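Residue strings, one per chain:
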Amino acid sequence: MLRAVIVLLIALLAGVYIAGKWISPRPRPDLRYVNSSDVHTLDPARMSWTQDLRLALNLWETLYACDPRTLKPVSAAAEFPPEISADGLTWTFRLREDGRWSDGAPVTAADFVRGWRRLIEPGTAADYAFFVTDYVEGAAQYASWRSEAVGVLTVLSRLAEGWSINEEQASVLATAECAEIVRRAYAEAMGNVAEPEALSGARIARAVLAWGELHRRVFEAHAAELDARFARVGLEAVDDQTLIVRFRRPCPFFADLAAFPVLAPMHPSVEEHRERWRGAPLTREGLVVYDSRWTRPVKTSDGAARPVTNGPYRLIEWRFKRSVRLEVNPHHRDASQIACRSVEAAVFADANSALLAYEAGEVDFIPTVEVSYDHAIFRLAESGDRPDFQPTPLAATSFFNFNCADAEVDGRANPFVDARVRRAFSLALDREAIARHVLQRGDRPARTFIPPGTLPGYDTPEGIPFDPEGGRRLLEEAGYPQGRGLPVIDVLFNTSGAHPVVSQAIARQWETHLGARVELRGKESKAFAEDKARRRFMISQANWYADYNDPTTFLDVLATGNGNNDSGYASAEFDALLAQAGTADDPEARMRLLKEAEATAVVRDAAILPVFHYTSVIAVREGVEGLHPNSRLWFPFSGVTVRR
Amino acid sequence: MIRYVMRRVGLGVLTLACVYAVTFLMTVSVPGNPLQSSERRLAPEVEAALRARYDVDHNGRYFLQLFSGLMRLDFGPTFQYPDWSCNEILAQALPVSVLLGLSAMLTAVLIGVPLGAWSAVRRGVAGAAATTLALLGTCVPTFITGACLLLCFGVWLKIAPVGGWGTISALPLPTITLALPFAAYIARLTRVGMEEALRQDFIRTALARGIPERRVLWGHAFPVAFLPVLSYLGPATAQALTGSFVVEKVFSVPGMGQHFVNAALNRDAGLLIACVTVYAALVIAFNLAVDLVHAWIDPRVRGEAAT
């Protein structure tokens with residue numbers, strides 16, 4: 001018996017000892033900050049999370065940088081301002097000659113074209129591909145030509161492997177540009193012309209060899225045409241220092257976009273990581289795909305450090321779910337002046353533990369304090385007892401989408417197709433009470449979609465007031481006196497964060513002021529997103545964060561057919577105002593049009609129900625200077641000084 | 001004996017296959033789009049391209065893809081962390097969880113067994129104190145114990161880091177937090193086993209024969225009392241090794257537990273299946289190991305196995 005216990009103990013001790021080998025002490029960086037969960041990706045083209053972008057803007061240098069105090073674009077890789085042609089459609093960016101990659105090579109205009117081309121490739125699946133496809137001439141055509149080809153090649157490779165395809169996939173073959181070649185080849189193989197849609201499994205099985213051959217042919221033709229097609233996109237590296245961008249419509253705020261890390265340049269070495277098939281740098285499905293490990297810091301055999309970046313910092317270490325470590329890029333033009341030589345983004349999965357670590361002095365900075373007692377944190381910050389807690393109004397809005405499109409939801413008539421009902425519900429909401437008594441953390445009540453004062457040059461329209469009497473009148477006009485005849489109102493919300501309490505408070509107000517019966521339907525994020533995407537709701541909770549300094553970053557969401565327009569709001573008047581603003585020459589006239597557009601969609605038509613504009617508390621240890629709180633939580637570390 | 005082992009290994013593989021199949025069916029049938037990660041909606045053609053890329057457009061194909069990967073011990077890509085493969089994530093997280101889990105089990109055994117045995121033998125105040133301690137260990141949830149320990153030793157006394165991983169000093173707090181519930185349960189098992197054993201005839205006989213009480217307790221009663229603890233140690237160790245979501249979250253330990261929960265929440269099928277497979281394999285392996293040790297200690301089990 002004793003033998004057994006001893007053997008067990010020895011085994012456990014040996015295990016502990018061996019595992020202990022993995023553990024070693026690490027040097028403390030100049031700045032250590034809290035990264036709430038680990039970064040999702042360090043590939044700038046694929047980013048969409050703030051914590052990822054925060055690292056990217058320190059690792060990569062885009063054409064311009066965003067000044068953290070004013071949020072206005074300033075010179076970075078290129079001289080600000082750009083040369084803009086008289087029609088506003090051609091912009092010439094002059095790259096600075098002292099731009100250097102972390103391997104010492106100069107940064108060229110071609111590197112930017114490479115980076116932006118990656119962004120619009122379908123295989124990248126970039127959330128922000130629209131920065132290029134929406135504005136740059138020919139980019140949308142290139143992207144859709146590529147997507148279509150990928151669709152066809154995917155179906156063909158499935159067929160070649162003997163898999164059955166569904167109707168949707170079969171229709172890809174019929175509608176694609178290469179449908180003709182598919183049809184002809186199939187006819188040759190089968191000796192009889194058949195519509196690809198009508199292909200049965202048995203026929204496909206017999207045609208396996210022919211499909212393989214066909215796939216090869218389409219693939220080769222497509223691969224050969226790639227560069228010629230891309231040449232039609234309005235991106236041109238005239239020489240190493242000059243980048244010309246041609247727009248398909250005026251984009252007066254492109255200088256802002258050019259400061260966004262997804263538009264980072266790419267070092268040529270990135271292309272070595274592309275997957276290849278039959279000698280072409282595409283996968284069998286025609287996708288441009290990179291070995292996922294390219295973003296991971298390594299020292300190659302020739303002593304070079306990867307990934308090669310051009311920002312003030314380079315990536316030294318990434319320990320998954322633990323930390324990311326940056327050190328100054330020795331080749332950067334400002335390398336000698338940067339006081340903060342090393343930065344560590346440490347993962348703290350639990351916000352309460354993160355705050356404890358900050359209180360214990362283990363981290364210097366928390367970009368957003370998101371503890372469960374955040375109202376107490378806000379009180380401390382506001383009373384001045386803790387000057388290191390800084391409340392920061394964000395350019396972000398929490399709102400609800402009314403379902404403006406479907407006459408029926410889950411078998412119940414949807415009253416919100418009527419703008420009067422939407423407006424009535426919006427009027428009957430006391431936003432002040434929600435911000436002050438429910439949230440209690442400094443959020444501003446939202447009467448409009450765009451947070452007032454966060455976008456320079458934009459004057460917010462008069463928002464929706466709190467007027468329950470007016471709401472009841474409108475409801476009566478719409479045929480629901482005292483709320484009689486209204487179906488049970490279905491409110492869908494995400495159960496994370498403060499959304500459940502806010503939804504309950506809103507339901508209570510509507511019950512009191514309008515006599516409506518409300519059914520709350522809280523769902524976990526993914527299930528919520530699914531219901532939202534299928535528009536299975538009457539009212540559903542949503543958030544929107546500004547991506548750049550222009551009202552269109554908010555208003556485009558409400559445009560007819562926009563992929564993020566979850567309300568299904570479709571107004572010709574609103575779309576026309578946006579279009580007019582899109583072509584207006586005079587910046588002031590443009591802002592006036594956008595203001596009118598916001599008033600139309602949000603105040604008059606009440607397509608959405610704005611509730612509050614976020615305020616976030618950031619915590620910066622005393623002795624750390626140069627982290628300027630701003631509405632985008634945009635923190636370049638190169639201007640930071642740390643005193644211990 | 002060899003036939004017994006073979007049969008058990010065969011059953012283990014079969015169980016693993018069932019767990020794998022059921023997990024796969026569940027991951028592909030829950031609603032939610034794994035490819036969507038932010039508020040923004042993917043363009044339909046981009047989503048189609050991604051579905052094709054990851055083979056999630058066809059369940060049969062996806063299963064074959066995952067299964068052939070499993071045969072090569074390659075769990076494939078993850079949706080949520082595109083820069084990492086499942087294997088790399090497991091390779092980072094498993095050692096962390098193994099270290100934490102082993103030290104926690106060691107602590108739990110070292111605390112629980114003596115405590116349980118002691119409280120069975122000495123029924124007085126000491127016994128009551130030990131029982132209270134064991135009860136507290138079972139009842140107080142780990143996120144409370146964890147937060148209290150962090151506050152005491154991390155923030156006030158500053159003798160341990162507030163979470164994180166990478167130094168020896170980061171180990172004790174999560175270890176104790178994770179060990180306490182196990183220790184409490186082990187103490188209870190030992191106590192019950194010990195009380196049961198002490199009532200047996202052979203103990204009375206041994207005492208009557210004049211064998212010193214100490215030897216009777218540890219040499220005769222304890223081996224019998226330890227058997228239920230041993231059966232419990234198998235699944236418990238597997239559970240401790242694959243991490244605890246709460247302990248990992250409170251102490252920012254980069255272990256396996258968080259991947260379990262997050263992979264399910266994110267509908268990250270590849271990672272979820274990888275986690276479940278590893279966990280199931282560990283549970284099966286530890287149960288098998290415990291049964292073998294059982295058979296080695298207790299000849300009655302061996303006798304049963306042979307028939």
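In this text the structure is predicted, and so the values were computed from the model without any measurement.

### Let's talk about helix α11 (residues 257–265) of chain B
Residue and element names in this part refer to chain B.
Inference 1: Taken as a whole, α11 has its buried residues at Gly 257, Gln 258, His 259 and Ala 263.
Inference 2: At its buried positions, α11 is contacted by α4 (86–121), α10 (245–251) and α12 (269–297).
Inference 3: Following α11 by one or two positions, Arg 267 adopts a phi angle in the positive range, close to 55°.

### Concerning the sheet that holds strand β5 (residues 90–94) of chain A
All names here are of chain A.
Inference 1: Within the open sheet, the four strands sit side by side as β4-β5-β7-β6. Their pairing is antiparallel. What marks the edges here is a single partner per strand, and that holds for β4 (83–84) and β6 (235–239).
Inference 2: Sheet topology places β6 next to strand β7 (residues 242–246); four bridges connect them, and they run antiparallel. Bridging from a neighbouring strand, Glu 236 pairs with Ile 244 of β7.

### Remarks on the nonpolar core
Inference 1: If you look at the biggest cluster of nonpolar residues, it comprises 204 residues, and the most contacted ones within it are A:Leu63, A:Trp116, A:Leu243, A:Phe254, A:Phe425, A:Trp510 and A:Phe637.
Inference 2: Discounting residues that sit within four places of it in the chain, A:Phe254 has contacts with A:Trp91, A:Phe93, A:Trp116, A:Phe131, A:Phe247 and A:Leu263.
Inference 3: Of all hydrophobic cores here, the second largest spans 65 residues; its members include A:Val369, B:Ala160, B:Met194 and B:Ala225.

### Digging into the pairing of β5(A)
All names here are of chain A.
Inference 1: Two elements, β4 and β5, share two bridges in a ladder whose sense is antiparallel. The residue of β5 that forms the bridge with Ile 84 is Trp 91.
Inference 2: Pairing of β5 with β7 involves five bridges; the strand directions are antiparallel. In the strand pairing of β7, Phe 93 is matched with Leu 243.

### Observations regarding the packing of aromatic side chains
Inference 1: Scanning all chains against the criterion turns up 44 aromatic pairs over all chains.
Inference 2: Each member of the aromatic cluster is reached from another via a ring pair, and the members are A:Tyr128, A:Phe130, A:Phe131, A:Tyr135, A:Phe253, A:Phe260, A:Tyr548 and A:Trp634.
Inference 3: Positioned over the ring face of A:Phe230 is A:Arg117, at 4.3 Å from the centre of the ring.
Inference 4: Above the plane of the ring of B:Trp84 lies A:Arg296, whose end atom (NZ or CZ) is 3.6 Å from the centre.

### Notes on the interface of chain B and chain A
Inference 1: Counting residues at the interface gives 68 residues for chain B, matched by 74 residues for chain A.
Inference 2: Summing both sides of the interface, chain B and chain A together bury roughly 6300 Å²; the carbon and sulfur share of this comes to 60%.
Inference 3: Counting the contacts that link chain B with chain A gives two salt bridges.
Inference 4: Linking B:Arg267 and A:Glu524 is a salt bridge whose minimum nitrogen-to-oxygen distance equals 2.9 Å.
Inference 5: Along the contact surface separating chain B from chain A lie ten residue pairs in polar contact (both at pLDDT 80 or more).
Inference 6: Listed by contribution, the elements that provide at least two residues to the side of chain B that touches chain A are α2 (44–54), α3 (59–71), α4, α6 (142–156), α9 (213–241), α10, α11 and α12 of chain B.
Inference 7: Taken together, the residues of the side of chain B that touches chain A sort by class into 36 nonpolar, 19 polar and 13 charged.

### A word on the domain arrangement of chain A
Residue and element names in this part refer to chain A.
Inference 1: On domain assignment, one finds that chain A holds domain 1 (51–123 + 232–291), domain 2 (140–223) and domain 3 (395–616).
Inference 2: Domain 1 puts 15 residues into the contact, and the matching count from domain 2 is 17 residues.
Inference 3: The tally of links between domain 1 and domain 2 comes to three salt bridges.
Inference 4: Inspection of the region where domain 1 meets domain 2 yields six residue pairs in polar contact (both at pLDDT 80 or more).
Inference 5: The residue inventory of the side of domain 1 that touches domain 2, partitioned by class, reads eight nonpolar, two polar and five charged.

### Examining the side chain of A:Glu362
Inference 1: Tracing the backbone shows A:Glu362 in the loop between α11 (351–359) and β13 (365–366).
Inference 2: Buried charge A:Glu362 goes without a salt bridge, the closest partner of opposite sign being A:Arg32 at 4.8 Å.
Inference 3: Those residues in contact with A:Glu362 that sit more than four places away from it in its chain are A:Arg28, A:Arg32, A:Ala357, B:Ala160, B:Pro161, B:Val162 and B:Gly163.

### Things to note about the environment of A:Leu474
All names here are of chain A.
Inference 1: Assignment of secondary structure puts Leu 474 in helix α15 (residues 468–477).
Inference 2: For Leu 474, a relative accessible area of 15% translates into the label buried.
Inference 3: Residues Leu 474 and Arg 284, spaced 190 residues apart in sequence, show a C-alpha to C-alpha distance of 59 Å.
Inference 4: When neighbours within four sequence positions are excluded, Leu 474 is seen to be in contact with Arg 420, Arg 423, Ala 424 and Leu 427.

### Quick notes on the pattern of salt bridges
Inference 1: Evaluation of the coordinates by the stated rule reveals 52 salt bridges over all chains.
Inference 2: A:Glu121 is the partner of A:Arg146 in a salt bridge, and the nearest nitrogen-oxygen pair spans 2.7 Å. Of this pair, A:Arg146 sits in helix α5 (residues 139–160) while A:Glu121 sits in the loop between α3 (109–120) and α4 (130–133), placing them 25 residues apart in sequence.
Inference 3: Residue class for A:Arg146 comes out buried when judged on its relative accessible area of 0%.
Inference 4: Residue B:Glu195 is joined to B:Arg191 by a salt bridge in which the shortest nitrogen-to-oxygen separation is 3.2 Å.

About the cut-offs
- Numbering of residues starts from 1 in every chain and runs along the sequence as written.
- Chains carry letters and ligands carry numbers; both start at the beginning, A for chains and 1 for ligands, and go up in the order they are written.
- Local features are withheld for residues below a pLDDT of 70 in this predicted model, meaning they are given only at 70 or higher, and side-chain atom pairs are given and counted only at 80 or more; totals for whole chains, interfaces and linings count all residues.
- Excluded from the side-chain calculation are hydrogens and water; included are all heavy atoms of the structure.
- Here the term buried applies to any residue with accessible area under 20% of the maximum for its type, exposed to any over 50%, and partly exposed to those in between, with areas from a 1.4 Å probe on protein chains only.
- Only runs of H or I of at least four residues qualify as helices and only runs of E of at least two qualify as strands under DSSP, and these elements are numbered from the N terminus.
- Here a residue-residue contact requires only that any non-hydrogen atoms of the pair lie within 4.5 Å.
- Two strands form a pair only when DSSP identifies at least two bridges running between them.
- By nonpolar core is meant a set of buried Ala, Val, Leu, Ile, Met, Phe, Trp, Tyr and Cys residues that side-chain atoms within 4.5 Å join together.
- In summary, the pairing rule links any two rings of Phe, Tyr or Trp, Trp by its six-membered ring, whose centres are within 6.5 Å, and it sorts them by plane angle into stacked for under 30 degrees, edge-to-face for over 60 and tilted for everything else.
- Lysine NZ or arginine CZ positioned within 6 Å of the ring centre and within 35 degrees of the ring normal marks a charge as sitting over the ring.
- Once two parts are put together, the accessible area they lose, assessed with a 1.4 Å probe and summed over both, is termed the buried area.
- The rule for a salt bridge is simple: a side-chain nitrogen of Lys or Arg has to be within 4 Å of a carboxyl oxygen of Asp or Glu.
- Whenever two N or O atoms come within 3.5 Å, that pair is a polar contact, provided that in protein one can donate a hydrogen and the other can accept it, and provided that, for residues adjacent in sequence, both atoms are side-chain atoms.
- For this classification, Asp, Glu, Lys and Arg are treated as charged, while Ala, Val, Leu, Ile, Met, Phe, Trp, Tyr, Cys and Pro are nonpolar and the rest, including Gly, are polar.
- Here the bounds of each domain stem from an automatic or database domain assignment.
- Charge convention: Lys and Arg are scored as positive, Asp and Glu as negative, and His as well as the terminal groups of each chain are ignored.

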